[in-house]
Amino acid sequence: MPPVDLSFASYVAARKGANSARVREGGYYAYGADRRVRSVLDSLRPVTLAVEATLRFWQSVGRNSLLSSAVRVGPKQFPRIHALAERCAERLQLPGPTVYVSPAATLAERGAQTFGSMDDATIILYSALTDQFSDDELTFVIGRECGHIQNNHTIYLTTLYYLSDAANMIVRYGAQPAVIALNSWSRRAEITCDRAGLLCVRDLDIATAVLVKLAIGSQSLYRDVNVQEYLQQLEETRLGPGRFGELFARHPYLPRRVQALRLFAETAFYRSLMDQGSGGLTKEECDVKVGELLSVIG
């Protein structure tokens, strides 16, 4: 096998080829701030060093380690999941993704994650999620992960995972500049992928329910939760200096995240897809409103 160039510069150059063009065209729905911040990541030395190390680790032992107890999804293994993944790929105009199901005890432990590089992205669904979620709910989840692939998020997600969750404390401390930068991007990337999930499931209520269920971490607890009251409760707790904790979080604050998705559902792009008549926000107008909504300061 010929040697593989795993430098960050080569990775960025590869992204500028035909695959990158497909990503840009297919990801029209992407949140503009996601793209802008991601372009900045390419020039931040702490991030580029971390990505290079992650590429080498992923290609050598990382992939096999994460998938050692997982089962690959296909027509003969988890055919239900395979069919849902194919549906998501078709709706987002992507090749069928590589999907695995891996053991996990609870929804709170893990839901779904996407790892890899531009060329070998892999979606991992954890068994608690596949056992407890309906087909429509899983469509939203898988659609979100396909959104990560379509928008070229995977290597940054993989880097953030290894720096935040898998590295020892010494590495985590030294990598804080990269982690802070990647967390800032990740909050915006989640908005993009919530949109991808909605484009796949095409039901705003289901999409909202999934986000809340994953936040609560329990299907049984969700049955006794009023979604609107729960979101209002969370929004009230955001008031005051505590809201600045969001600056270091990996995911957007849940009530604002749901509101951001509702704004996307009001765009002319989504309304046209759903045959809801003319009118609606332009994507640019939606992005401006979402930016105002997600602002911590103000």
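Below is a short write-up of the structure. (Residues numbered from 1 in each chain as written. Predicted model: local features only at pLDDT ≥ 70, side-chain atom pairs only at ≥ 80, totals over all residues. Heavy atoms only, no water.)

## Thoughts on the overall build of the protein chain
Each helix and strand in the protein chain was counted, giving 16 helices and four strands. Relative to its full complement of 298 residues, the protein chain shows a buried share of 52%. Of the contacts formed within the protein chain by residues at least 6 apart in sequence, a portion of 73% connects residues at least 24 apart. Accessible area of the protein chain: about 14,100 Å², with a carbon and sulfur share of 54%. (Helix = DSSP H or I, 4+ residues; strand = E, 2+ residues; numbered from the N terminus. Buried < 20%, exposed > 50% of the residue type's maximum accessible area, 1.4 Å probe, protein only. Contact = heavy atoms within 4.5 Å. Areas by Shrake-Rupley, 256 points an atom, 1.4 Å probe, with all protein chains shown as cover.)

## Side note on helix 10 (residues 176–201)
Its 26 residues place the ends of helix 10 36 Å apart at the C-alpha level, agreeing with the 38 Å of an ideal helix rising 1.5 Å per residue. Taking burial as the measure, the 26 residues of helix 10 include 21 buried ones, the bulk of the element. The first or second residue beyond helix 10 is Arg202, which carries a positive phi of 60°. (Expected span 1.5 Å × (residues − 1).)

## Observations concerning the nonpolar core
Burial of nonpolar side chains together is a common tendency in soluble globular proteins. Among the nonpolar cores identified, the biggest contains 54 residues, and Leu92, Ile142, Leu198, Leu254 and Val290 are the most heavily contacted of them. When neighbours within four sequence positions are excluded, Ile142 is seen to be in contact with Ile81, Leu84, Ala85, Cys88, Ile123 and Leu125. Counting 18 residues, the second-largest nonpolar core is a separate cluster that includes Val51, Ala178, Val179 and Trp185. (Core = buried A, V, L, I, M, F, W, Y, C linked by side-chain atoms within 4.5 Å.)

## What about the side chain of Arg257?
Note on placement: Arg257 falls in helix 14 (residues 254–264). Accessibility expressed as a relative area gives 9% for Arg257, which makes it buried. A polar side-chain atom of Arg257 sits 2.7 Å from a polar atom in the side chain of Asp194. Sequence-distant contacts of Arg257, that is, excluding residues within four places in its chain, are made with Arg144, Glu190, Ile191, Asp194, Leu211, His251 and Pro252. (Polar contact = N/O pair within 3.5 Å; in protein donor to acceptor, adjacent residues only side chain to side chain.)

## A word on unusual backbone geometry
Note: most residues except glycine have negative phi, and most peptide bonds are trans. Not every positive phi belongs to a glycine, and Gln93 is a case in point at roughly 60°. You can call Gln93 exposed: its relative accessible area is 65%. Positioned with a positive phi, Asp275 is a non-glycine residue whose angle comes to about 55°. The topology assignment puts Asp275 in the loop between helix 15 (268–273) and helix 16 (283–294). Using a relative accessible area of 72% as the deciding quantity, one classes Asp275 as exposed.

## Some words on the packing of aromatic side chains
One pass over the full model with this rule turns up eight aromatic pairs. Judged by centre distance (6.2 Å) and plane angle (20°), the rings of Trp58 and Phe115 are stacked. Of this pair, Trp58 sits in helix 4 (residues 45–66) while Phe115 is found in strand 3 (residues 112–115), placing the two residues 57 residues apart along the sequence. For the pair formed by Trp58 and Phe115, the shared burial category is buried. Judged by centre distance (6.1 Å) and plane angle (45°), the rings of Phe264 and Tyr270 are tilted. For Phe264, a relative accessible area of 2% gives the class buried. Residue classification places Tyr270 among the buried residues on the basis of a relative accessible area of 3%. One aromatic cluster in this structure is built from Phe57, Trp58, Phe115, Tyr161 and Tyr162. Seen from the ring of Phe133, Lys213 lies directly overhead, with NZ or CZ sitting 5.7 Å from the centre. (Phe/Tyr/Trp six-rings, centres within 6.5 Å; stacked < 30°, edge-to-face > 60°. Lys NZ or Arg CZ within 6 Å of the ring centre and 35° of its normal.)

## Some details on the packing of helix 3 (residues 32–41) against helix 10
Contact geometry for helix 3 and helix 10: axes closest at 8 Å, N-to-C directions at 150°. One way to sum up the angle between helix 3 and helix 10 is to call them roughly antiparallel. For the pair helix 3 and helix 10, the crossing hand works out as left-handed. From helix 3, Ala33, Asp34, Val37, Arg38 and Leu41 reach across to helix 10, where they touch Ala181, Leu182, Trp185, Arg188, Ala189 and Thr192. Looking at side-chain class alone, the contact of helix 3 with helix 10 contains seven nonpolar, one polar and three charged residues. (Axes fitted to C-alpha atoms, helices over the stretch in contact; angles between N-to-C directions. Parallel < 35°, antiparallel > 145°, perpendicular 65-115°, else oblique. Left-handed = near helix turned anticlockwise from the far one by under 90°. Nonpolar A, V, L, I, M, F, W, Y, C, P; charged D, E, K, R; others polar.)

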